[in-house]
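# Fold and geometry: a report
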Amino acid sequence: MDVNDYGAPIILSGVAQQLDQSEAIALVTLVANAISGIDLIYLTKQPAIFGSIANPFVFQRSLLHHTSAHRIILGDDWSKYYSSQRSGKSRRRLREKASALQKLGPVTLRFAQNGRQKADLVAQCLGLKIRQIERLGHWNPFHDEAVRSLLTSHALEDKHDTVWAVSLDVDGTAAAVAFGFTGTSGWLLYQMAMTEGQAAQHSPGIHLLQQLMQHCISTGVPSLDLSLGDESYKTDWCNEHLSLMTSLLPLSYKGRIVALVLRTRNALLLRIKRNPMAYDFGQKVKAFRQNVRAKFRNGAEVK
């Protein structure tokens, strides 16, 4: 759950169509009782619908998750899509940033052509992402080397082009790197990260995303899923938005207490998110806590 953006169950479509909410509750309760010692069933980041099928694991009184998911339905005309998503002022600003990047050297989009190149770009992207996450004070889902190894080895051994990886190079050096997965309905952008340096001042990630969208349109990829998260580049560029839900099912008195705490926390996160000043303050507090923890860890390692 921690390393997945969506918390939906893996379930056959025929089963999902036949399973109603009461049966889903009975099923997860049966599993919890078989494990024993479970106080609370906590199913988070779930889409309410799979295609046209209602998710039976979204229970009554489910919570609206504080973060949504976003996808780009591209169509077949880049200019038309670009104009529909960005104002004239925004397009002019992006042209200025593109010109500033080009002054630093040739700007090229470089796709990995084989497993080794994919694995190298995946490793580079994750390394950059880890530094970015820790600088912001967010929880790092890639701290476990086993997770990083799983992703890089999957890219290295990719035989059916299920993984794509790309770099926006400025003067021959990566300024932004991204990777994701292919599917029948489109591509998923799993992670994107920027390098530090002069190019970072001119939004290389946005330029990578723009060129990636153009590539998808030119090659017939119908959609680009940007997944979970309400970063501005997702909310600004995507034309499809998906609310996610969290189901809570207490199985004991202790579980009811924890469920109450989680409901209160979720309501607070939603209120903070809707208040830009409170959200910015919360981000600064998280970054400060992360820096303090990092200093204590480094001090312990030195000793």
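Residues numbered from 1 in each chain as written. Predicted model: local features only at pLDDT ≥ 70, side-chain atom pairs only at ≥ 80, totals over all residues. Heavy atoms only, no water.

### Some words on the overall build of the protein
Within the protein, the secondary structure is distributed over 10 helices and 12 strands. For the protein, with 303 residues in total, the buried portion stands at 41%. Intrachain contacts of the protein at a sequence separation of at least 6 include 75% that bridge at least 24 residues. Summed over all atoms, the accessible surface of the protein reaches about 17,600 Å², with 55% contributed by carbon and sulfur. (Helix = DSSP H or I, 4+ residues; strand = E, 2+ residues; numbered from the N terminus. Buried < 20%, exposed > 50% of the residue type's maximum accessible area, 1.4 Å probe, protein only. Contact = heavy atoms within 4.5 Å. Areas by Shrake-Rupley, 256 points an atom, 1.4 Å probe, with all protein chains shown as cover.)

### Examining the packing of aromatic side chains
If you walk through the whole model with that rule in mind, you get 10 aromatic pairs. Look at W78 and Y81: their rings are 6.4 Å apart centre to centre, the planes differ by 35°, and that puts the pair in the tilted class. Here W78 pairs with Y81, and both are found in helix α3 (residues 78-85), just three residues apart, close to one helical turn. Linked through ring pairs, W78, Y81, Y82 and W237 together constitute an aromatic cluster. Cation over ring: R86 sits above W237, and NZ or CZ is 4.8 Å from the ring centre. (Phe/Tyr/Trp six-rings, centres within 6.5 Å; stacked < 30°, edge-to-face > 60°. Lys NZ or Arg CZ within 6 Å of the ring centre and 35° of its normal.)

### A look at the pattern of salt bridges
Summed over the entire model, instances satisfying the criterion amount to nine salt bridges. E240 serves as the salt-bridge partner of R71, at 2.7 Å between the closest nitrogen and oxygen. One end of the pair, R71, is in strand β5 (residues 69-73); the other, E240, is in strand β11 (residues 240-242), with 169 residues separating them in the sequence. Taking the relative accessible area as the measure of exposure, E240 reaches 33% and is therefore partly exposed. The partner of R93 in a salt bridge is E96, and the shortest N-O contact between them spans 3.3 Å. With R93 and E96 both in helix α4 (residues 88-103), this residue pair falls three residues apart, about one helical turn. Judged by its relative accessible area of 47%, R93 is partly exposed. Residues participating in the shared-partner salt-bridge network are K118, D158 and D161. (Salt bridge = Lys/Arg side-chain N within 4 Å of Asp/Glu carboxyl O.)

### Some points on helix α5 (residues 115-136)
Along an α-helix, a turn takes 3.6 residues, which lines up residues three or four apart on a common side. Taking 1.5 Å per residue as the helical rise, α5 with its 22 residues ought to reach 32 Å, and the 31 Å between its terminal C-alpha atoms agrees with that figure. Regarding α5, the residues found buried are G115, K118, A119, L121, V122, C125, L126, L128, K129, I130, Q132 and I133. As for α5, its buried residues are in contact with β6 (107-111), α6 (145-156), β7 (163-170), β8 (173-183) and β9 (186-194). Two or three places before R116, at the opening of α5, N114 has a side-chain oxygen 3.2 Å from that residue's backbone nitrogen. G137 occupies a position one or two residues after α5 and carries a positive phi of about 85°. (Expected span 1.5 Å × (residues − 1). Polar contact = N/O pair within 3.5 Å; in protein donor to acceptor, adjacent residues only side chain to side chain.)

### Quick look at the sheet that holds β9
Each strand in a sheet pairs with its neighbour through backbone hydrogen bonds, running either in the same direction (parallel) or in the opposite one (antiparallel). Pairing in this open sheet of seven strands is mixed, and the strands run β6-β7-β8-β9-β10-β5-β11 from one edge to the other. Of all strands in the sheet, those with a lone pairing partner are β6 and β11, marking the two edges. The sheet shows a mean angle of 25° between the axes of neighbouring strands, direction not considered. By the bridge criterion, eight bridges tie β7 to β8 in an arrangement that is antiparallel. (Pairing = 2+ DSSP bridges. Axes fitted to C-alpha atoms, helices over the stretch in contact; angles between N-to-C directions.)

### Overview of a nonpolar patch on the surface
A surface patch of nonpolar side chains, about 330 Å² in accessible area, is lined by L27, V31, I35 and I38. Looking at where V31 falls in the secondary structure, it is placed in helix α2 (residues 21-35). (Patch = residues over 30% accessible without salt bridge, like charges linked within 9 Å, V, L, I, M, F, W, Y side chains within 5 Å.)

### Let's talk about the pairing of β9
Most of β9 sits inside the fold, with seven of its nine residues counted as buried. In this structure, β8 lies alongside β9, joined through eight bridges in antiparallel fashion. Residue T182 lies in a different strand from β9, and its bridge partner there is W187. Linking two consecutive strands that pair antiparallel, namely β8 and β9, is a turn of two residues. Alignment of β9 against strand β10 (residues 223-228), held across two bridges, turns out to be parallel.

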